[in-house]
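Residue strings, one per chain:
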Amino acid sequence: MSILAVTEVLVAQNIAFAIIAVGVVVAGVRLVTTENVVHAALWLVVVLAGIAGLYILLAAEFTAIVQVLVYIGAIVVLFLFGIMLTRARLGEGETVNKKMRAPALVIAVAMFALMAYSLWGYFGSTELEVMGRSTAELGQTTAQVADTLFLTYLIPFEVVSVLLLAALTGAIVLARRD
Amino acid sequence: MNILAAVGVDNPPLDWHALAPELVLVGLLAVLLLVDAFGGERSRWAMPSLTGIGLLAALIPVATLAYDGVVRSMFDGAYVVDNYALLFKALFLIAGYVVVLLSTNYIAEGDYWEGEYYQLLVASLLGMTVMASARDLISVFLALELLSIPAYMLAAWRKRDLGSEEAGMKYYLMGVFASAILLYGMSLLYGMTGSTLLVDIAGAIEGTEVPALVALAVVLVVVGFAFKVSAVPFHTWAPDTYQGAPTPVTAFLAVGSKAAGFVALMTVVLIAFPTQPRIFEPLIWALAAVTMIVGNLIALRQTNLVRMLAYSGVAQAGYILAPLAVAGVSGASAAMAVEAVSTYLVIYAAMNLGAFAVVIAVARKTGSAEIDSYGGLFSYSPVLAVCMSVFLFSLAGIPPLAGWYGKLTIFLALIEPGTLAGYILAVIVGLASVIALFYYARVAKVMFVDPAPDGDTTPIRVPMSLAAALTITVAVTLVVGVLPQVLARVTGAETFLSIGG
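These figures come from a predicted structure and were not determined experimentally.

**Q** What is the right way to look at the overall build of chain B in this model?
**A** Within chain B one finds 21 helices and 2 strands. For 501 residues, the compact-globule estimate of 2.2 N^0.38 gives 23 Å, and chain B sits close to it at 22 Å. Overall size of chain B, expressed as C-alpha extent along the three principal axes, is 70 × 60 × 40 Å. Long-range pairs, those at least 24 residues apart, make up 81% of the contacts in chain B with a sequence separation of at least 6. Distance from the positive charge centre (21 side chains) to the negative charge centre (30 side chains) of chain B: 9 Å.

**Q** Looking at this model, I keep getting lost on the overall build of chain A. Mind explaining?
**A** A count of helices and strands for chain A gives 7 helices and 2 strands. Secondary structure of chain A in N-to-C order comes out as α-α-α-α-β-β-α-α-α. When the 178 residues of chain A are sorted by exposure, 19% land in the buried category. For chain A, long-range pairs separated by at least 24 residues make up 50% of all intrachain contacts whose partners lie at least 6 apart in sequence. When the accessible surface of chain A is totalled, it reaches about 12,900 Å², and 73% of it is carbon and sulfur.

**Q** How should I be thinking about the side chain of Glu281 of chain B in this particular structure?
**A** Tracing the sequence through the fold places Glu281 of chain B in helix α12 (residues 277-300). The residues touching Glu281 of chain B, leaving out its near neighbours within four places in the chain, are Ala325, Val326, Ala327, Gly328 and Val329 of chain B.

**Q** Would you mind showing me how to read the packing of aromatic side chains here?
**A** Where two aromatic rings form a pair, the distance of their centres and the angle of their planes describe that pair. All names here are of chain B. Taken as a whole and judged by the stated rule, the model has 15 aromatic pairs over all chains. Judged by centre distance (4.7 Å) and plane angle (35°), the rings of Phe378 and Phe448 are tilted. You can see Phe378 sitting in helix α15 (residues 377-380) and its partner Phe448 sitting in helix α18 (residues 420-448), a full 70 residues away along the chain. Its relative accessible area of 36% is what places Phe448 among the partly exposed residues. These aromatic residues form a ring-pair network of at least three members: Tyr152, Tyr171, Tyr172, Trp237 and Tyr242. The cationic tip of Lys365 hangs over the ring face of Tyr380; the distance from NZ or CZ to the ring centre is 3.7 Å.

**Q** Sorry if this is basic, but what is going on with the interface of chain A and chain B here?
**A** How big an interface is tends to be stated in terms of the accessible area lost upon association of its parts. With 21 residues of chain A at the interface, the matching set in chain B holds 32 residues. Taking both sides of the interface into account, the surface hidden between chain A and chain B amounts to around 2,200 Å²; carbon and sulfur atoms contribute 83%. Counting across the interface, chain A meets chain B through 2 residue pairs in polar contact (both at pLDDT 80 or more). Of all the elements in the fold, those that place two or more residues in the side of chain A that touches chain B are α6 (141-152) and α7 (154-175) of chain A. Looking at which element gives the most residues to the side of chain A that touches chain B, the answer is α7 of chain A, with 15 residues. Tallied by class, the residues present in the side of chain A that touches chain B amount to 16 nonpolar, 3 polar and 2 charged.

**Q** Looking at this structure, I do not really get the nonpolar core. What am I missing?
**A** Considering soluble globular proteins, one finds that nonpolar side chains tend to be buried as a cluster. All names here are of chain B. If you look at the biggest cluster of nonpolar residues, it comprises 199 residues, and the most contacted ones within it are Phe88, Phe92, Leu102, Phe225, Phe273, Met292 and Leu377. In terms of residues, this core owes the most to one element, helix α14 (residues 331-366), which gives 20 residues. In contact with Phe273, other than residues within four places in its own chain, are Leu189, Ile205, Val218, Val221, Val268 and Phe280.

**Q** Would you take a moment to explain the pattern of salt bridges for this structure?
**A** It is possible for side chains bearing opposite charge to pair when their charged atoms get close. All names here are of chain B. Counted under the stated rule, the structure contains 10 salt bridges over all chains. Taking the shortest distance from any N to any O, the salt bridge between Asp82 and Arg135 comes out at 3.7 Å. Placement of Asp82 in the loop between β2 (79-81) and α4 (83-110) and of Arg135 in the loop between α5 (114-133) and α6 (137-155) is noted, with a sequence separation of 53 residues between them. Among the residues examined, Arg135 registers a relative accessible area of 2% and is labelled buried. Here the salt bridges do not stand alone but share partners, grouping Glu166, Lys170, Asp240 and Arg307 into one network.

**Q** Please clarify how helix α17 (residues 402-415) of chain B should be interpreted in this entry.
**A** For an α-helix the count is 3.6 residues per turn, leaving residues at separations of three or four pointing the same way. All names here are of chain B. Its 14 residues give α17 an end-to-end C-alpha distance of 21 Å, which sits within 8% of 20 Å, the value for a rise of 1.5 Å per residue. Turning to α17, its buried residues are Ala402, Gly403, Tyr405, Gly406, Lys407, Thr409, Ile410, Ala413 and Leu414. On its buried face, α17 is in contact with α13 (305-321), α14, α16 (382-396), α18, α19 (464-482) and α20 (485-488).

**Q** How do you make sense of the packing of α13 of chain B against α18 of chain B when you look at a structure like this?
**A** A pair of packed helices is captured by two measures, namely the crossing angle of their axes and the spacing between those axes. All names here are of chain B. Packing of α13 against α18 leaves a shortest axis separation of 11 Å and a crossing angle of 165°. If you check the angle between α13 and α18, you find them roughly antiparallel. Considering only the axes of α13 and α18, their crossing is left-handed. Side by side, α13 and α18 meet where Leu305, Met308, Ser312, Ala315, Gln316 and Tyr319 of the first sit next to Val429, Ala432, Ser433, Ala436, Tyr439, Tyr440 and Val443 of the second. Residue composition of the contact of α13 with α18, grouped by class: 10 nonpolar, 3 polar and no charged.

**Q** Which parts of the structure should I look at to understand the environment of Ala469 of chain B?
**A** All names here are of chain B. Within the secondary structure layout, Ala469 lies in helix α19. Distance from Ala469 to Gly354, taken between C-alpha atoms, is 7.2 Å for residues 115 residues apart in sequence. Beyond its immediate chain neighbours, meaning those up to four positions away, Ala469 contacts Val98, Leu101 and Leu102.

**Q** Sorry, what's going on with the packing of helix α9 (residues 211-228) of chain B against helix α11 (residues 247-272) of chain B here?
**A** Residues and elements named next belong to chain B. Running from N to C, α9 and α11 point in directions that differ by 165°, and their axes come no closer than 9 Å. With respect to α11, the element α9 is oriented roughly antiparallel. Here α9 and α11 pass one another in a crossing that is left-handed. Touching Val221, Val222 and Phe225 of α9 are Gly261, Ala264, Leu265, Val268 and Val269, all from α11. Broken down by class, the residue content of the contact of α9 with α11 amounts to 7 nonpolar, 1 polar and no charged.

**Q** Help me understand unusual backbone geometry, please; the structure alone is not making it clear to me.
**A** Across the chain, the bulk of peptide bonds are trans and the bulk of non-glycine residues have phi less than zero. Residue and element names in this part refer to chain B. Across the junction of Val232 and Pro233, the peptide omega takes the value 5°, indicating a cis bond. Tracing the sequence through the fold places Pro233 in the loop between α9 and α10 (237-244). Despite not being glycine, Phe75 shows a phi value in the positive range, around 55°. Within the secondary structure layout, Phe75 lies in the loop between β1 (72-74) and β2. Residues other than glycine seldom take positive phi values, yet Ser230 does so here, at roughly 55°. Mapped onto the fold, Ser230 is located in the loop between α9 and α10.

**Q** Would you mind going over a nonpolar patch on the surface with me for this structure?
**A** All names here are of chain A. The grouping of Phe62, Ile65, Val66, Leu69, Val70, Tyr71, Ile75 and Phe79 at the surface amounts to a nonpolar patch, some 680 Å² of accessible area in total. Among the secondary structure elements, Phe62 is positioned in helix α3 (residues 61-86). Overall, Phe62 belongs to the partly exposed group, its relative accessible area being 34%.

**Q** How should the confidence of the model for chain A be read in this particular structure?
**A** In low-pLDDT segments, the atomic positions of the prediction should not be examined closely. Taken residue by residue, chain A gives an average pLDDT of 81. The fraction at 70 or more is 79%. Across residues 1-6 of chain A, confidence stays below pLDDT 50; counting only partners more than four residues off in sequence or on other chains, it has 4 contacts.

Rules used in this analysis
- Every chain is numbered on its own, with residues counted from 1 as its sequence reads.
- Each chain takes a letter, starting from A, and each ligand takes a number, starting from 1, following the order in which they are written.
- Totals for whole chains, interfaces and linings use all residues, but because this is a predicted model, local features are given only for residues with pLDDT of at least 70 and pairs of side-chain atoms are given and counted only at 80 or more.
- Excluding hydrogens and water, the side-chain figures rest on all heavy atoms present in the structure.
- Here a strand is any run of E in DSSP of at least two residues, a helix any run of H or I of at least four, and the numbering for each starts at the N terminus.
- Between the two quantities, the radius of gyration covers C-alpha atoms and the globule rule is 2.2 Å times the number of residues to the power 0.38.
- Any two residues whose heavy atoms approach within 4.5 Å are treated as being in contact.
- We score Asp and Glu as negative and Lys and Arg as positive, and we do not count His or the chain ends.
- Every charge is mapped onto a representative atom, which is NZ of Lys, CZ of Arg, CG of Asp or CD of Glu.
- Between buried and exposed lies partly exposed: a residue is buried under 20% and exposed over 50% of the maximum accessible area for its type, with that area taken using a 1.4 Å probe on protein chains only.
- Each accessible area is a Shrake-Rupley result for a 1.4 Å probe, and residues are judged covered by the shown protein chains and nothing else.
- Pairing of aromatic side chains here covers Phe, Tyr and the six-membered ring of Trp, requires ring centres within 6.5 Å, and sorts the geometry by plane angle: under 30 degrees stacked, over 60 edge-to-face, intermediate tilted.
- Two conditions define a charge located above a ring, namely a distance within 6 Å from the ring centre to NZ of Lys or CZ of Arg, and an angle within 35 degrees of the ring normal.
- Buried area: the sum, over both parts, of the accessible surface (1.4 Å probe) that disappears when the two are put together.
- The definition of a polar contact used here is a pair of N or O atoms within 3.5 Å, where within protein one atom must be able to donate a hydrogen and the other to accept one, and adjacent residues in sequence count solely through side-chain atom pairs.
- Charged residues are taken to be Asp, Glu, Lys and Arg, nonpolar residues to be Ala, Val, Leu, Ile, Met, Phe, Trp, Tyr, Cys and Pro, and polar residues to be all remaining types, Gly included.
- By nonpolar core is meant a set of buried Ala, Val, Leu, Ile, Met, Phe, Trp, Tyr and Cys residues that side-chain atoms within 4.5 Å join together.
- Salt bridge criterion: a side-chain nitrogen from Lys or Arg within 4 Å of a carboxyl oxygen from Asp or Glu.
- Here a helix's expected span is defined as the number of its residues, less one, multiplied by 1.5 Å.
- Orientation is described by lines fitted to C-alpha atoms, with helices fitted over the stretch in contact, and by angles between N-to-C directions that extend from 0 to 180 degrees.
- Should an angle fall under 35 degrees it is called roughly parallel, over 145 degrees roughly antiparallel, and 65 to 115 degrees roughly perpendicular, with every other angle called oblique.
- The hand of a helix crossing depends on one turn: near helix anticlockwise from the far one by less than a right angle means left-handed, and clockwise means right-handed.
- Each patch is assembled from residues with relative accessible area greater than 30% and no salt bridge, linking like charges that lie within 9 Å and nonpolar side chains (Val, Leu, Ile, Met, Phe, Trp, Tyr) that lie within 5 Å.
- Known as pLDDT, the predictor's per-residue confidence is scaled from 0 to 100.

Structure follows, in structure tokens:
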């Protein structure tokens with residue numbers, strides 16, 4: 001039976017999934033095989049953006065936006081800054097250290113096995129159960145996040161914004177040269 | 001508002017009066033930021049005055065709320081404004097005001113990024129005022145981070161000084177470590193109970209099926225706070241941080257951060273864990289006993305006054321922890337413990353801030369905090385020497401200074417339940433206080449008897465703001481010592497414990 005068989009599953013979603021999944025896998029392989037550190041970081045952007053696309057397909061739009069903001073917006077930029085600040089030159093001559101390939105491979109396979117094992121039971125079903133309730137029952141997640149954030153946890157939310165402002169101010173003072 | 005109504009958004013259930021002190025602080029922060037950004041060099045002199053006025057303005061809603069006397073609870077009890085919260089808000093704001101007075105000349109003359117300094121100070125104070133009202137795990141944790149993170153940076157504020165960098169770095173690393181432990185404990189609590197509200201957690205862990213997991217969570221949370229209040233064996237950051245940080249920041253850490261840590265510890269332990277005295281009582285008992293003994297013994301050997309005050313602060317943390325070690329026996333003992341801890345924190349703030357004010361004043365002349373450099377202080381600056389003696393003997397607990405009343409409430413709280421553990425701890429408090437008297441009295445002896453080390457006996461010129469800080473702290477230390485009922489009226493625990501269940 002083909003994965004793209006028309007049963008209860010939407011065809012358009014499956015085709016989009018296949019395209020994104022292939023893109024993510026190709027980018028992932030390029031990420032670990034490329035010789036240039038900066039290229040690796042840029043391939044990582046493609047992988048993370050593809051995952052964000054998958055979240056949108058799963059109707060988890062808030063998770064997708066957070067994925068873009070946090071991973072692509074903050075973490076990859078941090079990687080690039082780290083590379084730029086620690087290495088003198090960015091050029092073709094920079095190569096990646098390959099000594100750790102074997103342990104990395106073992107960890108990757110183990111992670112894949114673990115995730116595949118935990119998701120095996122849901123294979124073929126259209127809905128995931130979260131804490132005894134199906135995703136359809138849980139409803140619009142973004143609206144719920146917004147309600148919780150701006151009603152129940154309004155004060156912690158505001159506290160975080162002041163905290164970020166203070167951290168920014170202090171970091172500039174401590175880091176700048178005078 | 002119409003657009004919001006159209007898409008079905010409820011207004012958050014806000015009580016603006018209850019949030020007014022915090023809102024004033026946020027407004028003050030914004031004003032400082034804008035004045036600093038657009039005012040340029042000309043506006044720098046206004047920074048400390050603006051901050052001081054703002055902090056006093058934030059006290060006005062605290063006073064009106066106290067006059068109103070209604071317990072205000074928001075967000076299903078996650079944020080509560082009662083007498084307990086208001087007392088600590090007032091304490092933090094006044095202590096913050098005194099720290100501003102201490103900082104005015106120090107920061108201006110040292111050219112230490114004035115605008116940003118006061119912004120971070122206000123941000124940290126905002127975290128403390130939120131902490132006083134926080135009654136769920138998320139608010140407690142975020143308030144703790146908001147009060148700590150600006151403090152890490154303030155400790156490293158003298159950027160060109162290696163000692164200050166060391167101070168900031170040690171404080172930061174130990175603080176982050178403590179936060180991680182605390183968060184792990186909190187995550188276990190949330191995982192077991194499915195709620196972040198302290199009251200709900202208390203109900204859910206009562207008679208729970210997994211006592212080992214509850215015990216682990218309680219221990220991790222208490223240990224996380226033990227770092228913040230610098231209890232032995234989690235005190236190692238305190239002396240280096242206190243010595244290296246700018247002295248006004250040290251005063252702020254020793255009083256503000258420590259008091260906020262105690263408020264958080266007391267809130268979480270007495271509201272979330274009152275059904276688990278078998279776990280938290282022995283733990284806090286041991287922490288308190290070890291902290292008092294070790295802190296006082298190491299303080300005996302110090303030659304630097306700031307380091308001595310750091311270790312004395314560690315020992316004082318032991319005294320303040322002690323009543324909590326018997327708080328789980330009954331409702332009455334919990335009420336006594338809250339009253340003792342609140343009373344001692346207020347008194348401790350006044351006498352410790354005062355001691356640091358004298359240290360700052362003397363360092364303006366001698367440039368040193370070594371105890372030897374205080375020789376002959378009485379002969380050339382008698383007022384400073386007398387003030388210092390008032391603070392030191394108050395810290396030691398000699399009547400009629402405020403410290404004795406603080407110690408008295410601790411003794412009363414310890415013997416109230418009538419348990420052996422309480423009596424033993426009371427004896428340890430007494431012995432530790434006797435040891436402490438030695439090192440406090442030694443400083444007094446140096447000031448009054450020893451000659452000035454280099455024969456330089458020109459009097460110290462004390463700037464206006466420092467004199468104001470000294471006046472406030474001496475006044476509190478003397479008035480509370482002579483008329484303790486003034487303080488006893490505001491440290492009652494009724495509303496706090498009734499909300500805690």
